[in-house]
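An overview of the molecular structure
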Amino acid sequence: TGAGISDSVLEFVLASTEVLLVATPEPTSITDAYALLKALNRKEEFVKEDTSIKMISNRVKNDAEGQNVYEKMSVVSDKFLNIPITYLGPVPMDEQISKAVMRQKPVSVINPEAPSSRAIKQIAESTRNCNTIVVAGAPVAFRNTVYNCAIVMHNGKIAGLVPKRDSGKLNGSNENRWFAGSCT
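The structure reproduced in this document is the subject of the present report. (Residues numbered from 1 in each chain as written. Predicted model: local features only at pLDDT ≥ 70, side-chain atom pairs only at ≥ 80, totals over all residues. Heavy atoms only, no water.)

1. Some points on helix α1 (residues 7-14)
Using the following cut-off: Accessible area is worked out with a 1.4 Å probe on protein chains only. A residue is then buried under 20% of its type maximum, exposed over 50%, and partly exposed in between. Every helix listed is a DSSP run of H or I at least four residues long, and every strand listed is a run of E at least two residues long, numbered separately from the N terminus. By construction, the arc corresponds to the directions joining the helix axis to the C-beta atoms. Contacts are assigned to residue pairs that have any heavy atoms within 4.5 Å of one another.
The set of residues buried in α1 consists of Leu10, Val13 and Leu14. Angularly, the buried residues of α1 cover 100° about the axis, an arc narrow enough to put them on a single face. Summarising the geometry of α1, the exposed residues directed more than 90 degrees from the buried face are Ser8 and Phe12. The inward-facing, buried residues of α1 abut β1 (18-23) and α2 (27-42).

2. Observations regarding the sheet that holds strand β2 (residues 52-60)
Cut-off, in case you're wondering: Strand pairing is defined by DSSP finding a minimum of two bridges between the two strands. Axis angles are defined between N-to-C directions and span 0 to 180 degrees, where every axis is a line fitted to C-alpha atoms and, for a helix, only to the segment in contact.
The parallel open sheet is built from 3 strands, whose spatial order is β1-β2-β3. Sheet topology places β1 and β3 (85-92) at the edges, where each strand pairs with a single neighbour. Strand-to-strand twist of the sheet, defined as the mean angle between neighbouring strand axes without regard to direction, takes the value 20°. Docked against the sheet, α2 engages β1, β2 and β3, running at close to 160° with respect to β1.

3. A word on the pattern of salt bridges
Put simply, the rule reads: Note on definitions: salt bridges are taken to be side-chain nitrogens of Lys or Arg within 4 Å of carboxyl oxygens of Asp or Glu.
Taken as a whole, this structure holds 3 salt bridges when the rule is applied. Among the ionic pairs, lysine 54 bridges to glutamate 18, the shortest N-O distance being 2.4 Å. Highlighted residues: lysine 54 in strand β2 and glutamate 18 in strand β1, separated in sequence by 36 residues. The class for lysine 54 is buried, based on a relative accessible area of 8%. A residue is classified by how much of its surface remains accessible, and glutamate 18, at 14% relative accessible area, is buried. For the salt bridge of arginine 59 with glutamate 26, the shortest nitrogen-to-oxygen distance reads 3.4 Å. Placement of the pair is arginine 59 in strand β2 and glutamate 26 in the loop between β1 and α2, with a sequence separation of 33 residues.

4. Details of the side chain of glutamate 65
Note the following rule: In this tally, Lys and Arg are treated as positive and Asp and Glu as negative; His is ignored, and so are the chain termini.
Note on placement: glutamate 65 falls in helix α3 (residues 63-81). For the buried residue glutamate 65, which engages in no salt bridge, the nearest side chain bearing the opposite charge is lysine 61, 4.4 Å off. If we ignore the near neighbours within four places in the chain, the residues touching glutamate 65 are Pro25, Arg59 and Val60.

5. Here's the deal with the pairing of β3
Each regular strand carries side chains that alternate between the two faces of the sheet. Looking at chain direction, β2 and β3 are connected through 7 bridges and run parallel. Within the sheet, the bridge partner assigned to valine 60 lies in β3 and is proline 92.

By themselves, these observations are geometric and do not establish any function.
Quick look at the structure:
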């Protein structure tokens, strides 16, 4: 199975009527996205006709590369799983993202006109009238402390923030250098 595909992740995805895949041009990312769809497809509770699968191509050089990532996923998903995928668009590779990470702030706050900020805003706008719930990871500053959070968005608005409970060493990462752990 792909990275991060646990039973609890699959149960959460099964409960959703819309699923948002995010994949980069890297082969491992495309493989992981496909592995999620394959694992989902094997679940008896999964009803293809009742679930809308959407995709964003992330960290791409240009629109054409984003379209290429989508087409790779779409072809294998259609051919082997009979699951159609709708393309929402690309988020370009942008040096402003690295700068924002170093400053521990969202790129849209640091530079709202950065190519990645504009792309994220366009994708958010495209989901405004959908019943899609989008969850994305991002640093969130609160009372002079930075937390690694899951940001829950729905209908073009932020519906909630969920800070990671323990940002210590996990799977070889050293998140506690950058983020505080949540105490609740």
